[in-house]
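Summary of structural features
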Amino acid sequence: METTTFFISLLVLFASLFYVFCKVIPSRPRQQAKDYQLPPGSTGWPIIGETLDYLRTARNGVPEKFVDDRKSKYSSLSSSAAATAGGLCKVFKTSLFGETMALLCSAAGNKFLFSNEKKLVKVWWPSSFQKILPADEAYRIRKHMYAFVKPDAVRKHIAVMDQITKRHFDTHWSTKMDRKEAIMFHSLAKKYALALSCKLFLNLEDPEVLAELEKTIGTIHAGMVSLPIDLPGTNFNIAIKASKKMMKEIESMVVQRKIDLMNLNLTDPEQTADVPQDLMSSLLLETFSDRAEVTAADMAKTLSGTIFPSYDTIINTLCATVIYLSELPLVYDAVLKEQMKIAESKDEGELLNWEDIQKMKYTWNVLCEVLRLQPPGSGTFREAITEFIYEGYLIPKGMKLHWNVFSTHKNPEYFPDPHKFDPSRFEGQGPPPFSYVPFGGGPRMCPGKENARVQMLVFMYNLVTRYKWEMVFPNEKMVVDPVSYSTHGLPLHLFSCKS
Ligand code: HEM
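Report follows, based on the coordinates. Keep in mind it's a predicted model, so treat the numbers as computed, not measured. (Residues numbered from 1 in each chain as written. Predicted model: local features only at pLDDT ≥ 70, side-chain atom pairs only at ≥ 80, totals over all residues. Heavy atoms only, no water.)

Here the focus is the site of the ligand. Residues in close proximity to the ligand total 26 residues, the closest being Tyr 146, Thr 380, Arg 382, Arg 444 and Cys 446. Thr 380 places a polar side-chain atom, nitrogen or oxygen, 2.6 Å from an oxygen atom of the ligand. Arg 444 is positioned such that a nitrogen or oxygen atom in its side chain is 2.8 Å from an oxygen atom of the ligand. For the shell around the ligand, the elements supplying multiple residues, two or more each, are helix H7 (139-148), helix H15 (296-327) and helix H20 (449-466). Per element, the largest residue contribution to the shell around the ligand is six residues, and it comes from H15. (Near = heavy atom within 4 Å. Polar contact = N/O pair within 3.5 Å; in protein donor to acceptor, adjacent residues only side chain to side chain. Helix = DSSP H or I, 4+ residues; strand = E, 2+ residues; numbered from the N terminus.)

Let's shift gears to the side chain of Lys 71. If you trace the backbone, Lys 71 turns up in helix H3 (residues 64-75). In this structure Lys 71 is buried but unpaired, with Glu 413 as the nearest side chain of opposite charge at 5.1 Å. Once residues lying within four places of it in the same chain are set aside, the contact partners of Lys 71 are Cys 89, Cys 105, Ser 407 and Asn 411. (Buried < 20%, exposed > 50% of the residue type's maximum accessible area, 1.4 Å probe, protein only. Lys, Arg positive; Asp, Glu negative; His and termini not counted. Salt bridge = Lys/Arg side-chain N within 4 Å of Asp/Glu carboxyl O. Contact = heavy atoms within 4.5 Å.)

This part covers the pairing of strand S1 (residues 91-96). Extensive coverage of S1 is indicated by the burial of six of its six residues. Side-chain alternation along S1 places Val 91, Lys 93 and Ser 95 on one buried face and Phe 92, Thr 94 and Leu 96 on a second face that is also buried. Relative to strand S2 (residues 99-104), S1 runs antiparallel, the two sharing six bridges. Within S2, the residue paired with Phe 92 across the bridge is Leu 103. Counting the residues between successive antiparallel strands, the hairpin from S1 to S2 contains two residues, one of them, Phe 97, with a positive phi of roughly 50°. (Pairing = 2+ DSSP bridges.)

With that settled, the discussion passes to the pairing of strand S12 (residues 491-496). Most of S12 is tucked away, with five of its six residues classed as buried. Across two bridges, the pairing between strand S4 (residues 183-184) and S12 is antiparallel. Considered in S12, the bridge of Met 184 is made with Pro 491. With five bridges connecting them, strand S9 (residues 467-471) and S12 associate as antiparallel partners. Across the sheet, residue Tyr 467 finds its bridge partner in S12, namely Ser 496.

Looking now at the pattern of salt bridges. On inspection of all chains with the given rule, the structure shows 27 salt bridges. One salt bridge in this structure joins Glu 64 and Lys 410, with 3.7 Å as the shortest N-O distance. Highlighted residues: Glu 64 in helix H3 and Lys 410 in the loop between helix H19 (406-409) and H20, separated in sequence by 346 residues. No difference in accessibility class separates Glu 64 from Lys 410, as the two residues are buried. Of the charged contacts in the structure, one is a salt bridge between Arg 372 and Glu 369, with a shortest N-O distance of 2.8 Å. Highlighted residues: Arg 372 and Glu 369, both in helix H18 (residues 361-373), separated by three residues, approximately one helical turn. Exposure class is identical for Arg 372 and Glu 369. Each is buried.

Octahedral metals with six donors have ideal donor angles of 90 or 180 degrees. Tetrahedral metals with four donors have an ideal donor angle of 109.5 degrees. Coordination of the iron atom of the ligand by the protein comes from a single atom, Cys 446 (SG), at 2.3 Å. Considering the arrangement of structural elements, one finds Cys 446 in the loop between H19 and H20. (Donors = N, O, S within 2.8 Å, 3.2 Å for Na, K, Ca; no water.)

The antiparallel open sheet is built from three strands, whose spatial order is S4-S12-S9. Of all strands in the sheet, those bounded by a partner on one side alone are S4 and S9.

Trp 173, Phe 185, Phe 459, Leu 463 and Trp 469 are the most contacted members of the largest nonpolar core, which has 104 residues in total. Of all the elements, H15 adds the most residues to this core, at 16 residues. Among residues more than four places away in sequence, those in contact with Trp 173 are His 168, Ile 183, Phe 185, Leu 188, Phe 459, Leu 463, Tyr 467 and Leu 494. In this structure, Phe 112, Leu 120, Met 399 and Trp 403 belong to the second largest nonpolar core, which totals 19 residues. (Core = buried A, V, L, I, M, F, W, Y, C linked by side-chain atoms within 4.5 Å.)

Structural data, given as structure tokens:
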């Protein structure tokens, strides 16, 4: 009896609690997407949007101004959403490259975009870019490319990198020493970066083919930064044709390599020793998990999609580094000291190895500081694959999003005295998470980061241990209009390091 009474009382108690919860305490209605607003901001002029201001601030050497001006303008808003965000604007709306987009302007914003790939957002490129260089979104091929440039794979390429770098210096630099002739650093850096990528990815060394490819890439670049008008004779139209031509050429190299590989007995170690150890072979010899055919055209897309981003990024970082080292003798001396110590430990003709690279800590911090102040790209784009709320604002499905390195790289909140060149920022713990993002982050982070790091360190070693230099134009700077370049092509007078 007592037990029955107990259960009945329990039931009544639950029923009463349920009633109170549902009826007496008025339920808070779930907020609907329609209750939220788009982030504050302006879409500027029709079509052009705010692109001109974006490009102008970069051209004037203050790309951070585009973000900073808008951040302070929209931080003063007293909307409930801004209040939620602590009064500080963490996202604003703008219109760039013909698209309305949300620019997320904090380390937390970078983290949000990088960690929501394929959940809330996906990679997006302006259609003009995609028309010239159609991105390869086939992950099954891309993941094999990632494996080729991942850190332990890169270690196997150090000797080749050093060999190509030494050959480049012997051919193009040493003949011009002692004021015989100034070298044009920017154009030589292009030759160097292309020679190295083509060796690593296509086993291509023929100087004539390389020179032709360099011209084609120049044409493609010119089109990427021109007005996207696809009419005969425009830079844009010429670039589309140049890109198709480049793709066809790489495709025919893939077909030829496939024939060469088919003529080899790959179980015979003597014959496999002749197989070039490049990305092309590694893609052709891969057994794809789904066993579906991977065409030569698909491979050409992946190969050109690896060569292209590895080219301009390296060149611009090397140019900016040479300028900083010319202007900062203490930093130059410390780099020289570190590299000379490594050079002195090597036998005549001995190539660099992984142990040497690990000793280049200060030089890498210098390169990191260059990449903070003068990153070769200002950020990339994503597209919302579903509707979501960010910092109290609505991001509708299909809206484009932009993460911009200058939101954090030159922000005193993350980098005290942000305009000072200070490689010690990268010692110890380094910068706060997601504030330093020259290579992006998350699953779409630059897969070539380690390749780039080792390649640039190998270059710096050979540069400072062989030559001293003087800039022909001591005040020469890198400008962004809309891509980075040195104002005079960075001519340098070279002297032997031993003199
Ligand atoms: C200083 C040198 C470099 C910098 C600063 C850099 C930076 C970047 C950035 C910011 C992205 C976009 C990341 C994102 O959207 O989240 C990217 C993508 C990419 N980078 Fe690099 N990169 C460099 C060198 C290289 C090199 C040497 C390679 C090739 C070995 C390379 C291959 C790629 C590829 C293939 C992608 C596209 C990845 C994808 O779509 O998933 N990059 N890089």
